[in-house]
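Close look at the chain arrangement
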There are 2 protein chains.
Amino acid sequence: MPSLSSGLLGDLDPTSDRAVFRQIADQLREAIDRGRFKEGEKLPSEAELVEHYGVSRMTVRNSFSVLQGEGLVHAEHGKGVFVRPRPPVRRLASDRFARRHREQGKSAFIVEADAAGSHPQVDSLEVKEEKASQDVSTRLGSVRRVLARRRRYLLDGRPVEFATSYLPLDIARGTSIAEPNPGPGGIYARLEELGHRLDHFEEEIRARMPSPDEVRTLRLASGVPVIHLIRTAFDQEGRAVEVCDTVMAADAYVLSYQLPAT
Amino acid sequence: MPSLSSGLLGDLDPTSDRAVFRQIADQLREAIDRGRFKEGEKLPSEAELVEHYGVSRMTVRNSFSVLQGEGLVHAEHGKGVFVRPRPPVRRLASDRFARRHREQGKSAFIVEADAAGSHPQVDSLEVKEEKASQDVSTRLGSVRRVLARRRRYLLDGRPVEFATSYLPLDIARGTSIAEPNPGPGGIYARLEELGHRLDHFEEEIRARMPSPDEVRTLRLASGVPVIHLIRTAFDQEGRAVEVCDTVMAADAYVLSYQLPAT
DNA sequence: AAGTGGTCTAGACCACACT
DNA sequence: GTGTGGTCTAGACCACTTA
């Protein structure tokens, strides 16, 4: 008698054109979708599936790798393969940079996470002057060198976002923007104090698979894309005063925007 | 003599802890990043890499599968493994639903694609009444049944987007919105003619790996995520009059938004 | 026909996690 | 130790592409 209750998973169809490993992946996916395996739950082990389906181990592993690519499951060495739980999501609203949110002591990230009952952290602080990349230079209006501020955001210990702000040196050098901690309200508050009254932001959004670097920095599971967001801040004279390049774990975010109909 | 110019790819480091297939993937990735293999170009065949590195075929295939997961390469049966070309990107600006864009005869998609020099198509037209999903019902304010309009957008023959609009029956039934072709300016123009003057839109954006269904519908290569966009249209009385659920091939889109700083 | 990737087998040894 | 997944081998046969 198979250790798998035969109800959970069916048999293979030898007449089917569909590859065996796909059939197995299909059955596992369906079982997950139907809630037979719940979030965080362990799937049958490779050995059990080898036994159940009468196939070789590589075939079973191939099935798992399909599901991993879909972001449905993740493997833990020595433990098993588990249905990937959907982490809590951070909702970013389009008014998140409204001036009224800058009046408080803490950064927007901290305030919002506290409110959501999560434990926020910011680390990997690096602030330095460097050569502007082609792209950043273009966005900032042909500046050669910039102040770069890099930081990583964590929620309940999990890295969710890595961001770099770039500012022209003539704006940022020697100000508190060049300090590790720019103070209450963040750099946007400082920019306004320095006379760069902000007018609007532009955000560009892409989604793609992470680079190996990004996988490491954000500790991304396989099958999790990143959202790449590039924000440019414009002052009331129409000058681009900051570019913020952000890479987010896509499973941790929902972005939300308001568009006028006019 | 190896058929691979030894310059392109290096040797393995047997002392390294890094798995052999990862080392091979690293070298191929680096070669691609450095432009030694250009977009659309063929990588060495599995057999050549087996020969070059002195490993088994499965190891080489494993390397390829890493790069496929990253969306860097794609395999074509019988032909080879190729550096995935980055397709032309559709830029969606946040004013794309501005009223002035609705005054023309064609749909926004067609107009914009024509302007960009691409050949646009819309297919998979389906218009029918159906039960509202839990989510759609919530967004539309507890409606039971809706009119659903499904369509797929193609650019130069490639499917890039699959969208479904949901409208409350009391608004859409019996109007030209329920026709396969709603006429110039699309359903937003019709809504306004019917007295539902639009006030604003809300868009929610997520990114994730596609379901097998979405892979089929959008003919997605492996390693390409989707952008899932849910837009709700509000009229000037604050009523949600339409929900549009859109799944886009992430490699074909850049979304762009303007945010007020106030 | 020759070359390519797609699937599959039946082993092997290793590293990690639990008890 | 036992069970788990991680890596790797050395084959096999198949399906698709190109010539």
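Looking at an unreviewed UniProt entry, one finds chain A named Transcriptional regulator, with Wenjunlia tyrosinilytica as its source organism.

1. Quick word on the nonpolar core
Judged by nonpolar contacts, the single largest core of 80 residues is most densely connected at A:Ile205, A:Leu255, A:Tyr257, B:Tyr188, B:Ile205, B:Leu255 and B:Tyr257. Ignoring any residue separated from it by four or fewer positions in sequence, one finds B:Ile205 in contact with A:Ile205, A:Tyr253, A:Val254, A:Leu255, A:Tyr257, B:Ile227, B:His228, B:Leu229, B:Leu255 and B:Tyr257. Counting 20 residues, the second-largest nonpolar core is a separate cluster that includes A:Phe21, A:Leu28, A:Val60 and A:Phe64.

2. A closer look at the pairing of strand S1 (residues 73-76) of chain A
Residues and elements named next belong to chain A. In the sheet, S1 pairs with strand S2 (residues 80-83) via four bridges, with the strands oriented antiparallel. By the bridge assignment, alanine 75 is partnered in S2 with valine 81. Between S1 and S2, which pair antiparallel in sequence order, lie three residues; one of them, glycine 78, sits at a positive phi of approximately 85°.

3. Overview of the interface of chain A and chain B
Each side of the interface is counted separately: chain A has 39 residues, and chain B has 39 residues. Carbon and sulfur atoms make up 58% of the area that chain A and chain B hide from each other, which totals about 3300 Å². Counting the surface chain A buries against chain B, the share from its top three residues, A:Tyr257, A:Leu259 and A:Ala261, is 21%. Taken together, the connections running from chain A to chain B amount to two salt bridges. The residue B:Glu204 makes a salt bridge to A:Arg91 at a minimum N-O spacing of 2.7 Å. Seen at the junction of chain A and chain B, the total is ten residue pairs in polar contact (both at pLDDT 80 or more). Among the elements of the structure, helix H3 (57-69), strand S7 (198-208) and strand S10 (253-260) of chain A are those that each provide at least two residues to the side of chain A that touches chain B. If one sorts the elements of the side of chain A that touches chain B by residue count, S7(A) sits on top with eleven residues. Residues of the side of chain A that touches chain B, tallied by class, amount to 20 nonpolar, seven polar and twelve charged. Judged from the six bridges that link them, S7(A) and strand S10 (residues 253-260) of chain B form a sheet pairing that is antiparallel. Note that in S10(B) the partner of A:Glu202 across the bridge is B:Gln258.

4. Describing the protein's contact with DNA strand C
With respect to spatial proximity, 24 residues lie near DNA strand C, and among them A:Val20, A:Ser56, A:Thr59, A:His77 and B:Arg57 are the closest. By atom count, sugar and phosphate contribute 65% of the portion of DNA strand C lying within 4 Å of the protein. In the environment of DNA strand C, a phosphate oxygen lies 2.8 Å from a nitrogen or oxygen atom belonging to the backbone of A:Ser56. Measuring from a base nitrogen of DNA strand C, one finds a side-chain N or O atom of B:His77 at 3.2 Å. Put simply, the parts of the chain that give the surface near DNA strand C at least two residues each are helix H1 (20-33) and H3 of chain A together with helix H3 (57-69), strand S1 (73-76) and strand S2 (80-83) of chain B. A class-by-class count of the residues in the surface near DNA strand C yields eight nonpolar, eight polar and eight charged.

What counts, and where the lines are drawn
- Positions within a chain are numbered from 1, following the residues in the order the chain's sequence is written.
- Working convention: letters from A go to chains and numbers from 1 go to ligands, in the order in which they are written.
- Per-residue local features of the predicted model are confined to residues with pLDDT of at least 70, and side-chain atom pairs are confined, for both listing and counting, to 80 or more; whole-chain, interface and lining totals are unaffected and use all residues.
- Side-chain measures here rest on the full set of heavy atoms in the structure, leaving out hydrogens and waters.
- Among buried residues, those of type Ala, Val, Leu, Ile, Met, Phe, Trp, Tyr and Cys that are joined through side-chain atoms within 4.5 Å constitute a nonpolar core.
- Residue burial is assigned from relative accessible area. The probe radius is 1.4 Å, only protein chains are included, and a residue is buried under 20% of its type maximum, exposed over 50%, and partly exposed in between.
- By definition, residues are in contact when any of their heavy atoms lie within 4.5 Å.
- A pair of strands is considered paired only if DSSP assigns at least 2 bridges between the two.
- Only DSSP runs of H or I with at least four residues qualify as helices, and only runs of E with at least two residues qualify as strands; both kinds are numbered from the N terminus onward.
- Note on definitions: buried area is the accessible-area loss of two parts on being combined, 1.4 Å probe, summed for both.
- In what follows, salt bridge is the name for a side-chain nitrogen of Lys or Arg lying within 4 Å of a carboxyl oxygen of Asp or Glu.
- Distance and chemistry together define a polar contact, namely a pair of N or O atoms within 3.5 Å, with one atom able to donate a hydrogen and the other to accept it when in protein, and with adjacent residues in sequence counting only for side-chain atoms on both sides.
- Only Asp, Glu, Lys and Arg are considered charged, only Ala, Val, Leu, Ile, Met, Phe, Trp, Tyr, Cys and Pro nonpolar, and every remaining residue, Gly among them, polar.
- When at least one non-hydrogen atom of a residue lies within 4 Å of a molecule or strand, that residue is treated as near it.

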